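What the coordinates show
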Amino acid sequence: MPQVNAKLNAFPVFVRVEGEAVAIVGGGEQALAKARLIEQSSAVLRIIAQNAEPDLLAFIAQSGASHIAAVYDASQLDGAVMVFAASGDDTLDRRVAADARRLGLPVNAVDRPELCDFFTPALVNRAPVAIAIGTEGAGPVLAQMLRSRIDRMLSPSFGRLAALAASFRTAAERLPKGNIRRRFWSDFFGGAPARAIEAGELSRAYEAATDLLLSNAPASGHIALVGAGPGAEDLLTLRAHRLLMEADVIVHDALVPESVIAMGRRDAERLAVGKRKGCHTKSQAEINALLVELGRQGKRVVRLKSGDPLVFGRAGEEMAALRDAGIAYEVVPGVTAAFAAAADFELPLTLRGVSSSMVFTTGHDLKGNSLPDWAKLAISGATVAVYMGRSVAAEVAGRLIEAGLSPDTAVAVVENASLANRRRFHGTLADLPSLEARADLSGPVMTIIGDAVAGANFERSEPLAAHRVAGASVAAEGVQP
Ligand code: SAH
């Protein structure tokens with residue numbers, strides 16, 4: 001086992017490069033990679049290459065870097081603040097490194113750690129904020145993995161927020177030191193100014209920060225209605241993930257998987273508010289009141305809903321309550337169950353020449369005599385996704401057939417869409433009633449009906465009809481014309 005040295009052998013620092021020359025010796029891929037890295041700064045790039053390859057030439061033309069197209073000579077390094085030996089030619093790189101050292105210039109030789117005075121990090125750039133990752137040779141793959149993880153955590157607008165913070169520094173220094181000043185900054189980075197920047201509204205961000213500074217008021221709360229996706233945790237959006245990590249309180253439904261709820265901060269409060277069929281933990285009115293109350297307390301709340309929050313999620317009522325109470329909120333979309341189910345079935349929801357519209361519906365509006373509008377759309381060829389449709393499967397099939405949809409219309413059913421334990425079933429509208437009697441389906445179920453379903457992949461699905469139980473089979477036959 002190699003010795004683990006808990007001390008860093010290369011210590012990270014940030015080098016001032018604004019307006020300074022950085023010399024890169026080399027005309028190929030290695031030189032181009034370094035040039036691209038340094039181009040993220042305001043240094044003046046000097047590329048020394050007698051024979052630059054086309055890609056590097058294109059880069060030089062587009063970036064405005066200076067190009068010395070001559071045989072290498074040590075005098076070309078004059079005045080640079082750092083030097084890269086990136087020619088890919090061992091002898092030349094050694095010579096460049098030796099020259100730089102003689103001139104007192106820090107040098108990096110590509111793929112030659114023993115010749116390097118410094119190493120270049122994997123970089124997360126949110127200028128003016130930079131996160132540099134170094135691994136001292138443990139490997140570029142590790143560094144890139146860390147880089148992409150950190151990149152995902154930081155909003156793309158993070159740099160603009162940091163720049164705004166810099167412009168408020170002097171003013172904030174006038175606040176009393178300690179709690180009040182700390183509170184200002186935490187409300188600045190976690191509250192209204194940050195949200196306005198994220199929405200691309202710079203002047204509103206400026207106003208919000210000024211308000212915070214002047215009024216010294218406690219931060220107003222904020223509720224994010226966030227779609228948690230259909231179940232698989234990696235179908236969560238990056239924005240949802242970021243908000244989860246910032247939230248003081250996470251209010252979630254029963255269908256939201258534990259692994260998603262766990263993504264919040266360890267000290268975040270987690271509140272389960274129902275709802276599973278038949279066991280409502282809290283009424284909708286109680287949930288609305290809870291969100292308003294948390295907002296009034298100045299909490300940053302993530303209200304997690306399965307799938308997309310605006311699809312059968314009662315978000316309309318929650319937004320109305322928040323609006324009435326004057327609490328700020330936003331909506332973060334998620335992958336709705338119909339999309340996850342379609343993906344699991346490789347099912348085209350719209351299909352050229354077959355179906356050009358789709359309906360998100362629930363079977364629960366079928367009571368009464370009149371046919372809902374969506375049934376008419378189904379008959380005219382729309383693909384229909386039925387949410388919460390298991391217990392009304394027979395009603396849905398019966399009414400559609402009655403209304404004129406062929407009993408042979410293709411149907412796809414997915415239980416636990418997107419999850420490892422998903423189950424797929426296929427059949428026709430005539431088979432659909434069998435769903436109601438199945439005791440073996442305990443997860444959420446999505447039903448998709450329409451001619452476009454015929455374009456799905458049925459290799460991994462079981463026929464619905466094979467599972468007809470006596471009662472359901474009668475019901476199914478009952479709807480045959
Ligand atoms: N807002 C959610 C829907 C909530 S209604 C969304 O956009 O997906 C709850 C219904 O969604 C369930 O009865 C079921 O029909 C469907 N559903 C949710 N998750 C599902 C999943 N993983 N697989 C299949 N259906 C699902």
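Residues numbered from 1 in each chain as written. Predicted model: local features only at pLDDT ≥ 70, side-chain atom pairs only at ≥ 80, totals over all residues. Heavy atoms only, no water.

This paragraph deals with the pattern of salt bridges. In this structure the tally under the stated criterion is 25 salt bridges. The shortest N-O distance in the salt bridge between Arg242 and Glu198 comes to 2.7 Å. Of this pair, Arg242 sits in helix α9 (residues 238–246) while Glu198 sits in helix α7 (residues 192–198); the two residues are 44 residues apart in sequence, bridging distant segments of the chain. Note that Asp267 is salt-bridged to Arg265, the shortest N-O span being 2.9 Å. What makes Asp267 exposed here is its relative accessible area of 59%. Through salt bridges with shared partners, one network takes in Asp90, Arg94, Arg112 and Glu114. (Salt bridge = Lys/Arg side-chain N within 4 Å of Asp/Glu carboxyl O. Helix = DSSP H or I, 4+ residues; strand = E, 2+ residues; numbered from the N terminus. Buried < 20%, exposed > 50% of the residue type's maximum accessible area, 1.4 Å probe, protein only.)

The geometry of an aromatic ring pair is captured by the separation of the ring centres together with the interplanar angle, meaning the angle of the planes. One pass over the structure, following the stated rule, counts 12 aromatic pairs. Here Phe168 and Phe188 contribute two aromatic rings whose centre-to-centre distance is 6.1 Å and whose plane-to-plane angle is 55 degrees, an arrangement assigned as tilted. Of this pair, Phe168 sits in helix α5 (residues 158–173) while Phe188 is found in helix α6 (residues 179–190), placing the two residues 20 residues apart along the sequence. Per residue, the accessibility class of Phe168 equals that of Phe188, and both read buried. Here the aromatic rings of Phe345 and Phe458 are separated by 5.9 Å at their centres, their planes lie at 65 degrees, and the arrangement is edge-to-face. Taken together, the positions of Phe345 in the loop between α13 (337–344) and β13 (358–362) and Phe458 in the loop between β17 (445–449) and β18 (462–463) put the pair 113 residues apart, joining distant regions of the chain. Given a relative accessible area of 0%, Phe345 falls into the buried group. Chaining the aromatic ring pairs together yields one cluster made of Phe168, Phe184, Trp185, Phe188, Phe189 and Tyr206. (Phe/Tyr/Trp six-rings, centres within 6.5 Å; stacked < 30°, edge-to-face > 60°.)

Another aspect to go through is the environment of Ala394. Within the secondary structure, Ala394 is located in helix α15 (residues 393–403). The residues touching Ala394, leaving out its near neighbours within four places in the chain, are Pro433 and Glu436. (Contact = heavy atoms within 4.5 Å.)

By size, the foremost hydrophobic cluster in this structure holds 24 residues, and its most contacted members are Leu400, Val413, Leu429, Leu432, Leu435 and Ile449. For this core, the secondary-structure elements that each account for two or more residues are α14 (373–379), β14 (383–387), α15, β15 (410–415) and β17. Dropping the residues within four chain positions of it, Leu435 is found in contact with Arg390, Ala393, Val413, Leu441, Val445, Thr447 and Leu464. Core analysis: the second largest hydrophobic core is formed by 21 residues, Val22, Phe59, Ala65 and Phe84 among them. (Core = buried A, V, L, I, M, F, W, Y, C linked by side-chain atoms within 4.5 Å.)

By nearness alone, 17 residues border the ligand, and Asp308, Val311, Thr336, Ala417 and Val445 come closest of all. Between the ligand and Ser306 there is a distance of 2.9 Å, counted from a nitrogen atom to a backbone nitrogen or oxygen. Taking Val311, its main chain carries an N or O atom lying 2.6 Å from a nitrogen atom of the ligand. Taken by itself the ligand offers 550 Å² of open surface, and the protein chains cover 92% of this. When grouped by side-chain class, the residues that make up the shell around the ligand number 12 nonpolar, 4 polar and 1 charged. Each of domain 3 (222–332) and domain 4 (338–467) gives at least three residues to the shell around the ligand. (Near = heavy atom within 4 Å. Polar contact = N/O pair within 3.5 Å; in protein donor to acceptor, adjacent residues only side chain to side chain. Areas by Shrake-Rupley, 256 points an atom, 1.4 Å probe, with all protein chains shown as cover. Nonpolar A, V, L, I, M, F, W, Y, C, P; charged D, E, K, R; others polar. Domains from an automatic or database assignment.)

The next thing to look at is the sheet that holds strand β3 (residues 66–68). Pairing is parallel across the open sheet formed by 5 strands, whose spatial order is β3-β2-β1-β4-β5. The outermost strands of the open sheet, each flanked by one partner alone, are β3 and β5 (107–109). For this sheet, the mean inter-axis angle between neighbouring strands, taken without regard to orientation, is 20 degrees. Two strands pair when backbone bridges link them, and strand β1 (residues 21–25) and strand β2 (residues 44–48) are joined in this way by 5 bridges, in the parallel orientation. Along β2, the bridge assignment pairs Ala21 with Val44. Running over the sheet, helix α3 (residues 90–102) touches β1, β4 (80–85) and β5 and is turned about 160 degrees from β4. (Pairing = 2+ DSSP bridges. Axes fitted to C-alpha atoms, helices over the stretch in contact; angles between N-to-C directions.)

One key point about sheets: their strands pair by backbone hydrogen bonds, in either a parallel or an antiparallel sense. Reading across from one edge, β13-β14-β17-β15-β16-β18 is the order of the 6 strands in this open sheet, with mixed pairing throughout. At either margin of the open sheet sits one strand with a lone partner, and together these are β13 and β18. As paired elements, strand β16 (residues 423–428) and β18 share 2 bridges and run parallel to each other. Along β18, the bridge assignment pairs Phe425 with Glu462. Packing against the sheet, α13 makes contact with β13, β14, β15, β16 and β17, and its axis sits at approximately 75 degrees to β17.

The geometry of helix α1 (residues 29–38) relative to helix α2 (residues 54–63) is characterised by a closest axis approach of 9 Å and an angle of 25 degrees between their N-to-C directions. With respect to α2, the axis of α1 lies roughly parallel. The way α1 lies across α2 gives a crossing that is left-handed. On the side of α1, the interface is formed by Ala31, Leu32, Ala35 and Arg36, while α2 contributes Asp55, Leu56 and Phe59. In terms of residue class, the contact of α1 with α2 is made up of 5 nonpolar, no polar and 2 charged. (Parallel < 35°, antiparallel > 145°, perpendicular 65-115°, else oblique. Left-handed = near helix turned anticlockwise from the far one by under 90°.)

Okay, the domain arrangement of the chain next. The domain architecture assigned to the chain consists of domain 1 (21–120), domain 2 (158–214), domain 3 (222–332) and domain 4 (338–467). Taking the mean C-alpha position of each, domain 2 and domain 3 sit 26 Å from one another.

Here we come to a nonpolar patch on the surface. Judged by side-chain polarity, Leu8, Phe11, Val13 and Val15 come together as a nonpolar surface patch covering roughly 460 Å² of accessible area. Its location among the elements puts Val15 in the segment before β1. (Patch = residues over 30% accessible without salt bridge, like charges linked within 9 Å, V, L, I, M, F, W, Y side chains within 5 Å.)

With that settled, consider unusual backbone geometry. A cis amide bond links Ala127 with the next residue in sequence, Pro128, at an omega value of 10 degrees. The topology assignment puts Pro128 in the loop between β6 (122–126) and β7 (129–133). Phi is positive for Phe312, close to 45 degrees, though the residue is something other than glycine. As for its placement among the helices and strands, Phe312 is situated in the loop between β11 (300–305) and α12 (315–325). We note that Glu346 has phi near 50 degrees; this positive angle belongs to a residue other than glycine.

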